[in-house]
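One-letter residues, chain by chain:
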Amino acid sequence: MEEKPVVASMSNEIILSIEDLQKEGSKKLPAFKREFFNSGSTGQITVHENSTAYLKYRLRTRVLRDVSKADTSTIVLGKKISFPLCVSPAGIQAMAHPDGELATSRACAKRGINMGVSSYSNYSIEEVIQAGKEVGDMAHVMQLYTMKDRAMEERIIKRAEAAGCKAIFLTADSPVLGVRYNEWRNDFRTPDGLGFPMIERTTKQIMAQTHDSGFMAFNSDSHSWDDDIPWIRSRTKMEIWIKGVLTAEDVLLAREYGCEGVIVSNHGGRQLDGTVATIDALPECVEAANGKIRVHVDGGIRTGADIFKAIALGAECCWIGRPVIWGLAYDGQNGVEKCLDILYDEFRRCMMLTGCMKVSDISKASLGIVRADGPLARL
Ligand SMILES: Cc1cc2nc3c(=O)[nH]c(=O)nc-3n(C[C@H](O)[C@H](O)[C@H](O)COP(=O)(O)O)c2cc1C
Ligand SMILES: O=C(O)C(=O)c1ccccc1
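Here is what the cut-offs are and how they apply
Residues numbered from 1 in each chain as written. Chains lettered and ligands numbered in written order. Predicted model: local features only at pLDDT ≥ 70, side-chain atom pairs only at ≥ 80, totals over all residues. UniProt positions renumbered as here; feature names shortened; annotations may be inferred. Helix = DSSP H or I, 4+ residues; strand = E, 2+ residues; numbered from the N terminus. Rg over C-alpha atoms; globule rule 2.2 N^0.38 Å. Buried ≥ 20, exposed ≤ 12 C-beta atoms within 10 Å, placed from the backbone. Contact = placed C-beta atoms within 7 Å. Near = placed C-beta within 6 Å. Nonpolar A, V, L, I, M, F, W, Y, C, P; charged D, E, K, R; others polar. pLDDT = per-residue confidence, 0-100. Pairing = 2+ DSSP bridges. Axes fitted to C-alpha atoms, helices over the stretch in contact; angles between N-to-C directions.

Where an unreviewed UniProt entry is consulted, the protein chain appears under the name Oxidase FUB9, with the organism given as Hyaloscypha hepaticicola. Taken verbatim from the UniProt record of the protein chain, the Sequence similarities (unreviewed entry) comment is "Belongs to the FMN-dependent alpha-hydroxy acid dehydrogenase family."

Structure, rendered in structure tokens:
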């Protein structure tokens, strides 16, 4: 007879962490897709550091507090969400699972969080919003690049507004594609049969792009604060947020140009390798915002404690890109729900174990930093 293990396993679930989801989700993808989704640019330094930069912070716990009614909810983009996390816009989600952005939208609606939709989505903004509506209440935002074809850019804005999007996230870090060895080595092309309804292109037309420019062939590299922000503002009542900000200087410009918020982001390390990790750029951006515009952050967030640390450093909310892709690849909508459930549970436990009753209790006092040979330093 087979010997029973001494400690019975808690469950048969093999996905307990985002790391597990990365491993199992990635396994389901052929190499060219896996590398496209998971890689960063050039030496992969920033994609790595986005996550490891969180490790230097230590949690300062407060004990003997009644956390029985800990409330993780918060209000973002006018919606009460279940915890301070939203899903970053990421293109070609149907390459991870046939249901693509529809599955992501349903999972977000079911779990009560907001979603960004890429201009390079495989389902239209109308379809993505409708899919979410059938499940629950949430906010969608439309991600936009400054485009060479301004008439098309305007059509994206108008469609997004008519469909009910709350905001435009203007991705400002991509006038040109980053150095992506994986895409060049694999001669990366989007698989046959996928549509790109927001940029009004078929896969055939996309595939015709060279690898110097890739998707960014449609993006304008002559963009500027002056030419683009007032232009967008005059075409929509939606909020305008700048995605891809890493410096206090650009936060001040976003304020000057009347933007509602910034996403502190380096595009998940996919554009310029060697930029600052986003959690390390966050403090100067929060200081420059001075409470006048909202500051959110994405890049490398893989645990509930990472979310907690970003909130402690002044972000209103965090966003995740790849973890959702891994969830999609693993099991479509179910996989994305699993991803959100893992992060929710970890974040809630982190709040309770640090003695925080509500999200607004999380502050600089919740963190310390260990410097070489020193005791824990307060922030
Ligand atoms: C496969 C993939 C596609 C992406 N597509 C877009 C996009 O279309 N527009 C955009 O602004 N950002 C895009 N991003 C960047 C994400 O919005 C986000 O900034 C980044 O993924 C966050 O880092 P993380 O993946 O470490 O969480 C993409 C990221 C990935 C991984
Ligand atoms: O690869 C990316 O980072 C990205 O932004 C993108 C843009 C268009 C389609 C797919 C991904």
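Our next topic: the overall build of the protein chain. Helix and strand counts for the protein chain come out as 13 helices and 15 strands. Against the compact-globule benchmark of 21 Å for 379 residues, the protein chain has a radius of gyration of 20 Å, which places it among compact chains. Dimensions of the protein chain, computed from the C-alpha atoms along their principal axes, are close to 60 × 60 × 45 Å. Out of the 379 residues in the protein chain, the part that is buried amounts to 48%. Within the protein chain, residue pairs in contact and separated by at least 24 positions form 73% of the contacts whose partners lie at least 6 positions apart.

So, on to the site of ligand 1. Close to ligand 1 lie 23 residues; S88, S118, T171, G268 and G321 are nearest. Tallied by class, residues from the shell around ligand 1 come to seven nonpolar, twelve polar and four charged.

Before going further, it helps to spend a moment on unusual backbone geometry. Its identity as a non-glycine residue notwithstanding, I92 has a phi of 45°, on the positive side. Mapped onto the fold, I92 is located in the loop between β4 (85-87) and α4 (100-111). In this model, D187 sits at a positive phi of 45°, which is unusual for a non-glycine residue. Looking at where D187 falls in the secondary structure, it is placed in the loop between α7 (181-185) and β8 (195-196). Note on D187: 8 C-beta atoms within 10 Å, which makes it exposed.

Feature annotation in UniProt assigns "binding site: glyoxylate" (unreviewed entry) to the following positions: Y145, R180, H267 and R270. Its location among the elements puts Y145 in strand β6 (residues 140-145). Ignoring sequence-local partners within four residues, the contact set of Y145 consists of S119, T171, S174 and N219. By the secondary structure assignment, R180 is in the loop between β7 (167-171) and α7. Residue R180 is classed as buried on the basis of its 21 C-beta neighbours within 10 Å. The residues contacting R180, other than those within four sequence positions of it, are S39 and S41.

When the pLDDT values of the protein chain are averaged, the result is 95; 96% of them are 70 or greater. Scoring the predicted complex yields pTM 0.96 and, for the interface, ipTM 0.99.

Before going further, it helps to spend a moment on the site of ligand 2. Inspection of the region around ligand 2 gives G91, I92, Y120, F215, H267 and R270 as its neighbouring residues. Taken together, the residues that form the shell around ligand 2 break down as three nonpolar, two polar and one charged.

Along the chain, A131 falls in helix α5 (residues 125-133). A residue is classified by how many C-beta atoms lie within 10 Å of it, and A131, with 21 of them, is buried. For the pair formed by A131 and A281, sequence separation is 150 residues and the distance between their alpha carbons is 35 Å.

Taken in spatial order, the three strands make up an open sheet running β1-β14-β15, and their pairing is antiparallel. Lying at the two open borders of the sheet, with one neighbouring strand each, are β1 (57-59) and β15 (376-378). Averaged over all pairs of adjacent strands, the angle between their axes in this sheet comes to 45°, without regard to strand direction. Pairing of strand β14 (residues 367-370) with β15, which is carried by three bridges, proceeds in the antiparallel orientation. Its bridge partner lying in β15, V370 is registered against L376.

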